[in-house]
Each structure stands twice: as C-alpha cells, then as structure tokens.
Amino acid sequence: MMKKYFKYLILFFVVFSFFLFISIIRPMWCDEVWVYGFCHNISKGMLIYRDFNVLQMPLYFFVSSFFLFIFGDYVVSTHVFDCILIGFLFLMIYKEKGINSILVLLILAIGYSGYNLLALFLFMTILFFIDEKKDNGLLVGILVGLIFITKQNIGIALFVPYIYYSKKKLSSIFCFFIPFLIISFYFILNSSYFSFLNCVFGSMLDFNQHNKKIFIFFGLIEIIVVIHLLFLIKKTKLRDKRLVYTLFFQVISYPICDDGHLFLALFPYIYLLFDYDFSLKKYYFLVFLVFYSLFSFLSISVHLSFSKNAFYLRNDSYINYSFFDGFFDISKNYDNYYIFSWQAFPFKFYHQLPINQYDFVLSGNCGYDGVNQKIKEIDQSCRDSSCVFGINKDEYNSSISQWGEVIRYVRKNYQYIGSIDDFYLFGNEDYVHEEK
C-alpha cells in the first residue's frame, strides 16, 4: 500500500514539476497577465467587482491569490496552483485509465488559462464521481455549484443534466446553490453584492454580443464533436450520464471558439471516446500522438502569428516595453491618464501602478451597459481635471476592437494632440508632443 502511494506521489511531483517548468520558460499571454493582475489586486486587499471589474466568477481568483501570499507576488505563483490541479488531474486519469493519462498533455495546447483550468478539473472530478449504481447526486451538485462560481456559463449549462438526473430535486437545487450563497454572503458583508451581480451576469449579455470569435476550422471540429456525442447519447438511451454532462460542457467553446477553448471542450470528450470505440483502445497511444501533434501544430501556428503580443518572464517580472515609457512621461503632465492597450497590465506592474476599474473598459467586461457607465464617469472626471488618453494604434485602426465604444467617445470629445511610439494621444488640454 505504501509503495502504491509513493508511486502516486512521485508521478504527481514529476507532472507538477514538468508543467511548472514549462510555465516559466514559455511566452505568456494577455489572459494570463490579466488573471495574475486580478489575483494581485485581491492579495493587496482590493475588492473584486468593486475596485476592479472582472467578467468571471471569483473562485479561481480567491484561491489563486492565496498562492501569491505563500510564494510571493509573481505570475509564476498563480501557476503553482494551476500545476497542482494538473497533477491531481493526471492521477485521477492514471488511476482509471493508466497510459491514457497522457491526455493531460492536451493542457500544453490549452495553455494555463486559470479559471478555465479549474472548471475543467472540477468537471473531470464530476465524471469520476458519477456512478450508475450509487447516488452521488448531492456531492455532484456541490461540484456543479463550484463550477458555477468559477465560470458561470458552464455552471448554468451543467445545471440542466444535473437536475434531470437528480432524484431529490429540492435538495439537489439547494446543494447547487450552496457555493453561490456563501460568496453572496461575502459580497453582501462588503457592500458590493449588486456590483458582483452586475459584473458576472450583466456582462454575459454584452460579452456574447460583442465578443463572438469562432474560427471556422475549430468551429467545424466542435460541431463534429457535438454530433458524435448526440449519436452516442442516443445509442446509450441517456443511460451514460457522463456523455450528457460532456455534451453540455461543450458550452465552454462559445462564444469564443479558438484553439484553447476547443481543447478544453475536447478534453472530456477524448477521455470518454475510447470507452465506446473499442477498436481504438490498443492503438490509443499512436492515435492520441497523431491527434495531439496535429492540433498542437495548429495551436502553435495561431500563437506564433500573434507572437509580438507575448510577454516573457525575466526574473519573475516582465520585460519593460519601451514604447510605454514615452506615454508614461507625457501622462505626468496630466491629472488623469487612461491606457487602451492589451499590453497595459505588464506596463503598470513594471511601474508599480495600481490596476483599477478603468483598465478594462471593454465591451462585455463592465457589467450590463457598463462601458457607457464608465464613459460617463471618465467624462465627469475630465470636466474637472486634465486628462490624456493613450490609444494603441492597432486598437485604434481595428474594426473589431473591444475598446471600440470608448475609442469613439475619445475621438469625438477630445483633441488629438499627437502620437508617440505605438500610441495616438488625445487630451483636453493643448499639449503636443512630437512623434519619436
């Protein structure tokens, strides 16, 4: 028995160390920087949804911010939590399917996306607890509830099969809402409950409307997966709950269906696939290797095309992008400054500047009609003080920029005062800076 547990411990350590090493040496992306930023804010005592706006539910940010307390205020500290999840995910699959635990390599293509990874881990835990002979409905309800306070759209979707299969409807509903009631009590105590509701539910309406990004190739694959799941569900006559849950889990690839979200959706599908296609079992390793290589190539190709947006760790901090320094120097001449750029977070971290609710004036990230509310607040502030706006040139010229509404407001109401490096400058005072 001790040898068995020692083997699991060694396997966990190997997987944990491997993924942590990868997280340190590879390029980092905007989502990871933002996730770290949210955890950083919480660790500094700021209140999520009140002091800064976030679209997602708070569970991941609460837990991950705790790791910043333990290991220090670094991006890699959040990945310690991610790698712990991956390690336990590997052990769960290894115990059930042995060599099939190679499936965790898919996470390399998914990337370290924080709350999505936690949602996947909780969902795979549900699949392990679902038993046709035993009624684990109440435990599954709590797990679905935890997914709900991790990423609300997945939790809402999984609530459907959970209630369908529940034998005790009322107690099942109560179990589902236990995690939500706990965090609701926390936000009520901090007088931010309505801000919380507006950010996580009101934002869903705006986000779905302004952020639909479905890459045709990935979208077609997702359609094939859904059709195959429906076929298997019909074949088993709804007896295999895991298939039904996995079908509803596919909502994770909407409204953004790119390589990362698709791999998240594919993870449980592939896990279950070889339980039904027995002819593939003896060729599992070869089939998976070909499949993984193909999709990793596609994923890497997409990432390389956006490589100029990658942030690299250097001594647990970020490279100082010099094109921000010019704008930062100019901003000292104004009472308020606003940056509309995807790379704003590492810049502000480098200069130890606070992250606030105006760093994400994006469609779908500010609650229902939140962008217009933030514009009104900015407008009021700039009536009584001097303001400068730095708009990244790529965002300024983009027809699908998530800053579209606020950029139109700035162009209409403020004076163009020049440009510097990668920014167009607008302000409410006559100050012109020659472009370098």
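Nothing here was measured: the structure is a model prediction, and the numbers come from that model. (Residues numbered from 1 in each chain as written. Predicted model: local features only at pLDDT ≥ 70, side-chain atom pairs only at ≥ 80, totals over all residues. Heavy atoms only, no water.)

Let us now look at the overall build of the protein chain. Scanning the protein chain from N- to C-terminus turns up 19 helices and eight strands. The 436 residues of the protein chain split such that 55% are buried. Counting only carbon and sulfur atoms, one obtains 63% of the accessible surface of the protein chain, whose full area is about 20800 Å². (Helix = DSSP H or I, 4+ residues; strand = E, 2+ residues; numbered from the N terminus. Buried < 20%, exposed > 50% of the residue type's maximum accessible area, 1.4 Å probe, protein only. Areas by Shrake-Rupley, 256 points an atom, 1.4 Å probe, with all protein chains shown as cover.)

Taken together, the side chains of Phe6, Leu9, Ile10, Phe13 and Val14 define a hydrophobic patch exposed on the protein surface, amounting to about 520 Å² of accessible area. Following the sequence through the fold, Val14 ends up in helix H1 (residues 2-25). Given the relative accessible area of 48%, Val14 is considered partly exposed. (Patch = residues over 30% accessible without salt bridge, like charges linked within 9 Å, V, L, I, M, F, W, Y side chains within 5 Å. Salt bridge = Lys/Arg side-chain N within 4 Å of Asp/Glu carboxyl O.)

Attention now goes to the pattern of salt bridges. In the structure shown here, the tally under the stated rule is four salt bridges. With a closest N to O distance of 3.9 Å, Asp73 and Lys44 form a salt bridge. Of this pair, Asp73 sits in the loop between helix H3 (59-71) and helix H4 (75-97) while Lys44 sits in the loop between helix H2 (30-43) and H3; the two residues are 29 residues apart in sequence, bridging distant segments of the chain. Asp73 gets classed as partly exposed once you look at its relative accessible area, which sits at 26%. Its salt-bridge partner being Asp240, residue Arg242 comes within 3.2 Å of it at the nearest N-O pair. By relative accessible area, Asp240 is classed as buried at 8%.

What follows is about the confidence of the model for the protein chain. In the predicted model, the protein chain carries a mean pLDDT of 78, and the fraction of residues at 70 or more is 72%. In the model of the protein chain, strand S3 (residues 313-314) stands out as the element of lowest mean pLDDT, 34, in contrast to helix H12 (residues 241-249), which has the highest, 95. Confidence over residues 299-321 falls short of pLDDT 50; this stretch has 44 contacts with residues more than four positions distant or in other chains. In this model, residues 431-436 is a region of pLDDT below 50 whose contacts with residues beyond four sequence positions or in other chains number 18 contacts. (pLDDT = per-residue confidence, 0-100. Contact = heavy atoms within 4.5 Å.)

Our focus in this paragraph is the packing of H4 against helix H6 (residues 115-129). Relative to each other, H4 and H6 sit at 25°, their axes nearing to 10 Å. What the angle tells us is that H4 and H6 run roughly parallel. The two elements H4 and H6 meet at a crossing, and its hand is left-handed. Residue-level inspection shows Phe81, Asp82, Leu85, Ile86, Phe88, Leu89, Met92, Ile93 and Glu96 of H4 in contact with H6, the latter providing Leu117, Leu118, Phe121, Met124, Thr125 and Phe128. (Axes fitted to C-alpha atoms, helices over the stretch in contact; angles between N-to-C directions. Parallel < 35°, antiparallel > 145°, perpendicular 65-115°, else oblique. Left-handed = near helix turned anticlockwise from the far one by under 90°.)

Over its 23 residues, H4 runs 33 Å from end to end, which matches the ideal 33 Å to within 8%, given 1.5 Å per residue. Judged by how many residues are buried, H4 sits mostly within the fold: 17 of 23 residues are covered. Where H4 terminates, the next one or two residues include Gly98, which has phi positive at roughly 60°. (Expected span 1.5 Å × (residues − 1).)

Think of a pair of aromatic rings as described by two things: how far the centres are apart, and how the planes are tilted against each other in angle. For the structure on display, the rule yields 40 aromatic pairs. Geometrically, the ring pair formed by Tyr164 and Tyr165 is edge-to-face, given 5.0 Å between the ring centres and 85° between the ring planes. Judged by its relative accessible area of 53%, Tyr164 is exposed. The class for Tyr165 is buried, based on a relative accessible area of 17%. Ring geometry for Tyr338 versus Phe389: centroids 5.2 Å apart, planes at 15°, classification stacked. Residue Tyr338 is located in strand S5 (residues 336-340), and its partner Phe389 is located in strand S6 (residues 387-392); the two are separated by 51 residues in the primary sequence. Phe389 shares its class with Tyr338; the two are buried. Lys393 extends its terminal NZ or CZ atom over the ring of Tyr424, reaching a point 5.3 Å from the ring centre. (Phe/Tyr/Trp six-rings, centres within 6.5 Å; stacked < 30°, edge-to-face > 60°. Lys NZ or Arg CZ within 6 Å of the ring centre and 35° of its normal.)

A few words now on the environment of Leu20. Looking at where Leu20 falls in the secondary structure, it is placed in helix H1. For Leu20, a relative accessible area of 17% translates into the label buried. Residues Leu20 and Ser77, 57 residues apart in the sequence, show an inter-C-alpha distance of 9.7 Å.

Strands in a sheet are paired, the pairing made by backbone hydrogen bonds, and the direction either parallel or antiparallel. Spatially, the four strands line up as an open sheet ordered S5-S6-S8-S7, and their pairing is mixed. Looking at the sheet topology across the chains shown, the edges are occupied by S5 and strand S7 (415-420). For this sheet the average axis-to-axis angle between neighbouring strands, irrespective of direction, equals 20°. Sheet topology note: the S6/strand S8 (residues 423-427) ladder contains five bridges and is antiparallel. If you follow Asn392 over to S8, its bridge partner there is Phe423. Seen against the sheet, helix H17 (residues 370-383) touches S5 and S6 and runs at an angle of roughly 145° to S5. Strand contacts of helix H19 (residues 404-413): S5, S6 and S8, with the helix running at about 130° to S6, the strand carrying the most contacts. (Pairing = 2+ DSSP bridges.)

Attention now goes to the state of the cysteines. Counting across every chain of the model gives one disulfide. Each sulfur of the disulfide joining Cys382 and Cys387 lies 2.1 Å from the other. Across the disulfide from Cys382 to Cys387, rotation about the S-S bond amounts to roughly -105°, and the bridge is consequently left-handed. Cys387 matches Cys382 in its accessibility class, with the two residues each being buried. (Disulfide = S-S within 2.5 Å.)

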